[in-house]
Amino acid sequence: MRINDNIVKDQKLLRAASDPEALTQLGTYNWWDGWWRSDPRNAFEELIQLLWSDQDLPETVAGFEYWNNVNQATGGVGWHRDCDEKIRAASGRVISPKVGHIYYMHAEDLSGGFLEISGAQNMSLIALENLERIRPQKNRVIFFDPSLLHRVSPVHAGLRHAFLANVWDSKPGTFDLGDHVDAQFQPV
């Protein structure tokens, strides 16, 4: 895991990626082949390029899955592993990417909302005292292994807006019908 603070200096890019109108134009899940194959189509893909262009990506990278996650005082996100959602829904198999990021767009007046990562192999073995806990902070990026069990602890107050992307060696089945799909895997 690697954490970088104050990573994005381009305020125009941050405003564009935070624009509620831009958020509504995205699908639940989105795909981009990467800057080495096609120019960014939106502010989120520009943000991916900025965050990942100096990372040591293997030549086998097919591209990036990306999405936004906004949490307020309505809970968190339960324990999970990031995976090809279409394959998981169809067969129960969990095929995960090797690396991903969480970038905090906003973390305002926040109580709770920690990223918690467990090294446990299954949910019954999660020991809360052995978790890595990372506090959300605006303009912080966390690169980590999304195949590990992780969650967002309950948000008690405030706003937590995260932009997430995973690096895949092959395009997930989630995107069989297009690069922008809703939670039922239908094109947007």
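Look up: the structure comes first, before these words.
Below, the structure is looked at part by part. (Residues numbered from 1 in each chain as written. Predicted model: local features only at pLDDT ≥ 70, side-chain atom pairs only at ≥ 80, totals over all residues. Heavy atoms only, no water.)

**Topic: the pattern of salt bridges**
Reasoning step 1: As enumerated under the stated definition, the model contains eight salt bridges in all.
Reasoning step 2: Measuring nitrogen to oxygen at the nearest pair gives 2.6 Å for the salt bridge that ties Arg41 to Glu45.
Reasoning step 3: Relative accessible area serves as the criterion here: at 44%, Arg41 is assigned to the partly exposed category.
Reasoning step 4: Ionic pairing is found between Asp176 and Lys86, a salt bridge with its closest N-O pair at 3.3 Å. Here Asp176 is found in the loop between strand E9 (150-168) and strand E10 (180-181), whereas its partner Lys86 is found in helix H4 (residues 85-91), with 90 residues between them in sequence.
Reasoning step 5: Shared partners join several salt bridges into a network, and the residues in it are Arg41, Glu45, Lys171 and Asp179. (Salt bridge = Lys/Arg side-chain N within 4 Å of Asp/Glu carboxyl O. Buried < 20%, exposed > 50% of the residue type's maximum accessible area, 1.4 Å probe, protein only. Helix = DSSP H or I, 4+ residues; strand = E, 2+ residues; numbered from the N terminus.)

**Overview of the packing of helix H1 (residues 11-18) against helix H3 (residues 43-52)**
Reasoning step 1: Orientation of H1 relative to H3, taken along the N-to-C sense of each, is 135°, at an axis distance of 8 Å. When the axis of H1 is compared with that of H3, the two are oblique. In terms of crossing hand, the pair formed by H1 and H3 is left-handed. Across from Leu13, Ala16 and Ala17 in H1, the residues of H3 making contact are Ala43, Phe44, Glu46, Leu47 and Leu50. (Axes fitted to C-alpha atoms, helices over the stretch in contact; angles between N-to-C directions. Parallel < 35°, antiparallel > 145°, perpendicular 65-115°, else oblique. Left-handed = near helix turned anticlockwise from the far one by under 90°. Contact = heavy atoms within 4.5 Å.)

**Things to note about the nonpolar core**
Reasoning step 1: Judged by nonpolar contacts, the single largest core of 24 residues is most densely connected at Leu47, Ile48, Trp52, Tyr66 and Tyr103.
Reasoning step 2: Of all the secondary structure elements, the ones that give two or more residues to this core are H1, H3, strand E3 (63-71), strand E5 (99-112), strand E8 (140-144) and E9.
Reasoning step 3: Tallying contributions element by element places H3 first for this core, with six residues.
Reasoning step 4: Sequence-distant contacts of Tyr103, that is, excluding residues within four places in its chain, are made with Ile7, Val8, Leu14, Leu47, Leu51, Asn139, Arg140, Val141, His161, Ala162 and Phe163.
Reasoning step 5: With 10 residues, the next largest nonpolar core counts Ile117, Ile142, Ala162 and Leu164 among its residues. (Core = buried A, V, L, I, M, F, W, Y, C linked by side-chain atoms within 4.5 Å.)

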